Amino acid sequence: MFSFHVSGEVIISQEPYVCVPNNSSSISRCDGCFASSNLKKCSACQVVWYCGSNCQKLDWKLHRLECQVLSRLDKEKRKSVTPSIRLMLKLYLRRKLQNDNVIPSTTTDNYSLVEALVAHMSDIDEKQLLLYAQIANLVNLILQWPEISINEIAENFSKLACNAHTICDSELRPLGTGLYPVISIINHSCLPNAVLVFEGRLAVVRAVQHVPKGAEVLISYIETAGSTMTRQKALKEQYLFTCTCPRCIKLGQFDDIQESAILEGYRCKDDGCSGFLLRDSDDKGFTCQQCGLVRSKEEIKKIASEVNILSKKTLALTSCGNHQEVVSTYKMIEKLQKKLYHPFSVNLMQTREKLIKILMELEDWKEALAYCRLTIPVYQRVYPQFHPLLGLQYYTCGKLEWFLGDTENAIKSMTEAVEILRITHGTNSPFMKELILKLEEAQAEASYKLSSKDE
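For clarity, every value in this text was computed on a predicted model and none was experimentally measured.

Visitor: Explain the overall build of the protein to me, and be specific about the residues and the numbers.
Guide: Looking only at helices and strands, the protein has 15 helices and 13 strands in total. For the protein, with 455 residues in total, the buried portion stands at 46%. Counting only contacts in the protein whose residues sit at least 6 apart along the sequence, the fraction spanning at least 24 positions is 58%. Taken as a whole, the protein presents about 23,500 Å² of accessible surface, with 54% of it coming from carbon and sulfur. Of note, the protein has its 54 positive side-chain charges centred 4 Å away from the centre of its 52 negative side-chain charges.

Below, the structure is given as structure tokens:
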């Protein structure tokens, strides 16, 4: 992991030791390729889905054993087999198949790499340990292998919690979970020099900047848009460690306090001022560090509580499927948040993202584009230059602009998207080929319009 790498270069790639799709009552995916169309259920176990005979054949050695243990369960018990329980079953079944030489082992594909992963058992609270013991008991009942202990299974659940990766598609939508023991060795930084993306089930780590020889390759385990406190909390809760990267060691320093106040704090009362607010020493309000204006605690509390009430309302409206009402409620939230938060607020950005998503579902392209454009400056601020989320936001913007006939701006947005995503995603995936093709089509359309004007 310590050799020299240039930006965009693949540092390492690995197939999962085991993986499962995130199947739920609303969506099922193929166990082989995670596709969600043309699926057929395995007729014997009635749990696993495949998109065709090819995926079924490739998975057969492992699924044959899993199918046997799942088929022994009654219908109700089968329903309680969650993706994480399936991941654990597959872990033991694959180990058995490798031990029996049915599936070959290699230096980068064997169970001893799983054994070497950290479990953080001593850092886990009582409640979590109890939960692991309960699901370990369930796995034990399903497998019926006397040689494995519940303690060992519980420890493996703890390993999965802090080592498994969410497998996403090219647009970073979650599809499933996989265990990649070699990739799990790569450490975290909130200022990473590499990024982890997936090509199907293959995990690919690419350099997003020049990595000199001897420098450690680092990826981010979490969403990095947020204050140091927020990031530290997320890492502590899920991965049980405290980050000491260059961003995190600034905790409490002026730059870090300023950054937190901008990303998660309040805006100045004066609309023309872009200053950030800090809590007064007497805790009665917040003072703008640029112009000195004070906002009372009461005023902030009042707006925050209105936002809270409306947010709860959106949950109820979403579950009823009332999209138009959801949009108008989110717009009210956005209006209040604009009064409450700094323009670069992460909360405001997240509300706008929700609006973009719903407006696109409602095919209100014009309004979706207006909100998408508002998020770009915030993305540029909260993410590094080569971050997949920034590239994808440019791509969304470009697609909407092109669809609405704004070819000139569509070319600019899609060019920005290609510049970023060719570094993070490479250029060979179907997703990237489609993006490059769209950009070329938009460029051809623009030059055709130009030549028509000249005639």
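Visitor: Lay out the UniProt feature "domain: SET" (unreviewed entry) in the protein with the relevant residues and their values.
Guide: Per the UniProt annotation, the sites labelled "domain: SET" (unreviewed entry) are residues 21-222. Note that residues 21-222 is 39% helix and 15% strand, and that its end C-alpha atoms are spaced 20 Å apart.

Visitor: Residue-level account of the pattern of salt bridges, with values.
Guide: Under the definition given, this model contains 25 salt bridges. Arg95 is paired through a salt bridge with Glu152; the nearest N and O atoms lie 3.5 Å apart. With a gap of 57 residues between them, Arg95 in helix 3 (residues 83-99) and Glu152 in helix 6 (residues 150-163) connect regions that are remote in the sequence. Since its relative accessible area comes to 27%, Glu152 is described here as partly exposed. Between Glu401 and Arg373 there is a salt bridge, with the nearest N and O atoms lying 2.9 Å from each other. With Glu401 in helix 13 (residues 388-403) and Arg373 in helix 12 (residues 365-382), this pair connects stretches of sequence that are 28 residues apart. A single network of salt bridges, built from pairs that share partners, joins Asp31, Glu66, Arg86 and Lys90.

Visitor: Just give me the short version of the packing of aromatic side chains, but keep the residues and values in it.
Guide: Using the criterion set out here, one finds 11 aromatic pairs in the structure. Relative to Tyr239, the ring of Tyr221 has its centre 4.9 Å away and its plane inclined at 55 degrees; by these criteria the two rings are tilted. With Tyr221 in the loop between strand 10 (218-219) and helix 7 (228-239) and Tyr239 in helix 7, this pair connects stretches of sequence that are 18 residues apart. With relative accessibility at 10%, the residue Tyr239 sits in the buried group.

Visitor: Mind laying out the pairing of strand 8 (residues 194-199), listing which residues take part and the relevant values?
Guide: Among the 6 residues of strand 8, 5 are classified as buried, and the element is accordingly described as predominantly covered. Here strand 8 pairs with strand 9 (residues 202-207) via 6 bridges, running antiparallel. Bridge pairing in strand 9 links Leu196 to Val205. Taking the residues that link successive antiparallel strands as the turn, the strand 8-strand 9 hairpin has 2 residues, and the phi of Gly200 there is positive, at about 70 degrees.

Cut-offs and rules
- One numbering rule holds for all chains: residues counted from 1, following each sequence as written.
- Local features in this predicted model are restricted to residues whose pLDDT is 70 or higher, and side-chain atom pairs enter the listing and the counts only when it is 80 or higher, whereas totals over whole chains, interfaces and linings include all residues.
- Here the side-chain values reflect all heavy atoms present in the structure, with hydrogen atoms and water set aside.
- The numbering of helices and of strands both runs from the N terminus, where a helix is a DSSP run of H or I of at least 4 residues and a strand a run of E of at least 2.
- Partly exposed describes any residue whose relative accessible area lies between the buried limit of under 20% and the exposed limit of over 50%, with all areas from a 1.4 Å probe on protein chains only and scaled to the type maximum.
- In what follows, a contact means two residues having at least one pair of non-hydrogen atoms within 4.5 Å.
- The accessible surface values rely on the Shrake-Rupley method and a 1.4 Å probe; as for residues, cover is taken only from the protein chains in view.
- The positive count covers Lys and Arg only, the negative count covers Asp and Glu only, and His and the chain ends enter neither.
- The atoms used to mark charge sites are NZ of Lys, CZ of Arg, CG of Asp and CD of Glu.
- UniProt positions are given in the numbering used here, feature names are shortened, and annotations may be inferred rather than shown by experiment.
- Note on definitions: salt bridges are taken to be side-chain nitrogens of Lys or Arg within 4 Å of carboxyl oxygens of Asp or Glu.
- Ring pairs shown here join Phe, Tyr and Trp side chains whose ring centres sit within 6.5 Å, with only the six-membered ring taken for Trp; geometry is labelled stacked below 30 degrees between planes, edge-to-face above 60, and tilted in between.
- Note: two strands are recorded as paired if DSSP finds a minimum of 2 bridges between them.

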